[in-house]
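Residues per chain, in single letters:
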Amino acid sequence: MRIALASDHAGFSLKTFLTHYLQSAGHEVRDFGAPAGDRFDYPDFAHPAARAIAAGECDRGIFICGSGIGMCMVANRTPGVRAVVMHDAFDAEMSRRHNNANVACFGARAMEETEMLRLIDLFLVTPFEGGRHEERVAKIDKP
């Protein structure tokens, strides 16, 4: 799977760790930043990563900031992107099964690394159920 990774300064070290974790699992990872440094604004990295997902250049995304909320807000401004802040296994599974979420957002300051890995793995393997949910998902991008 082709995965877009994006973070701000708060998520930088976690993004670096996730790059290695996902590559070792056989995924192709595209790092949209942030680079190492003092402070970066999450929209600068979430927008290009979200556009890559909407364009089909990446299959899914994992976006990380301090809370996950800012990244999620930015990602959801891009038509074709369905981002969710994940807190638990229910969020990871149901966002995929019923909403066909394609971006998982996490708070680097809000969750332990081992729990995040568990949710990422669940997010990546859970299929979209389709059926009755397809029409609902299609309505997301309609004005």
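Predicted, not measured: the structure shown is a model, and the values here were computed from it.

Undergrad: Is there a simple way to explain the packing of helix 1 (residues 12–24) against helix 5 (residues 113–125) in this structure?
TA: Packed helices, taken two at a time, are described by the angle their axes make and the gap between the axes. One can describe the packing of helix 1 onto helix 5 by two numbers: an axis separation of 12 Å at closest approach and a directional angle of 50°. As judged from the angle between their axes, helix 1 and helix 5 are oblique. Our pair here, helix 1 against helix 5, has a crossing hand that is right-handed. Together, Leu14, Phe17, Leu18, Tyr21 and Leu22 of helix 1 and Glu113, Met116, Leu117, Ile120, Asp121 and Leu124 of helix 5 make up the contact between the two elements. For the contact of helix 1 with helix 5, the residue count by class is nine nonpolar, no polar and two charged.

Undergrad: Where do I start with the environment of Met94 in this structure?
TA: The residue Met94 is located in helix 4 (residues 89–97) in this model. Owing to a relative accessible area of 21%, Met94 belongs among the partly exposed residues under this scheme. Sequence separation between Met94 and Glu129 is 35 residues; the distance between their C-alpha atoms is 9.7 Å.

Undergrad: Sorry, what's going on with helix 2 (residues 43–54) here?
TA: Residues spaced three or four apart along an α-helix face the same direction, because each turn holds 3.6 residues. Taking 1.5 Å as the rise per residue, helix 2 with twelve residues should run 16 Å; its terminal C-alpha atoms sit 16 Å apart, in good agreement. Inspection of helix 2 places Phe45, Ala46, Ala49, Ala50, Ala52 and Ile53 among the buried residues, and these make up the whole buried set. The arc that holds the buried residues of helix 2, viewed along the axis, is 155°, so those residues lie on one side.

Undergrad: What exactly am I supposed to notice about the pairing of strand 1 (residues 2–7) here?
TA: When you tally the buried positions in strand 1, you get five out of six residues, the bulk of the element. As defined by bridge partners, strand 1 adjoins strand 2 (residues 28–31) across four bridges and the pair is classed as parallel. Bridging across to strand 2, Ala4 finds its partner in Arg30. Crossover handedness for the path strand 1 to helix 1 to strand 2: right-handed. Relative to strand 3 (residues 60–65), strand 1 runs parallel, the two being bridged by five bridges. What sits directly across from Ser7, in strand 3, is Ile64.

The rules behind these values
- Residues numbered from 1 in each chain as written.
- Predicted model: local features only at pLDDT ≥ 70, side-chain atom pairs only at ≥ 80, totals over all residues.
- Heavy atoms only, no water.
- Axes fitted to C-alpha atoms, helices over the stretch in contact; angles between N-to-C directions.
- Helix = DSSP H or I, 4+ residues; strand = E, 2+ residues; numbered from the N terminus.
- Parallel < 35°, antiparallel > 145°, perpendicular 65-115°, else oblique.
- Left-handed = near helix turned anticlockwise from the far one by under 90°.
- Contact = heavy atoms within 4.5 Å.
- Nonpolar A, V, L, I, M, F, W, Y, C, P; charged D, E, K, R; others polar.
- Buried < 20%, exposed > 50% of the residue type's maximum accessible area, 1.4 Å probe, protein only.
- Expected span 1.5 Å × (residues − 1).
- Arc of directions from axis to C-beta.
- Pairing = 2+ DSSP bridges.
- Right-handed = clockwise from strand over helix to strand, strands pointing away.

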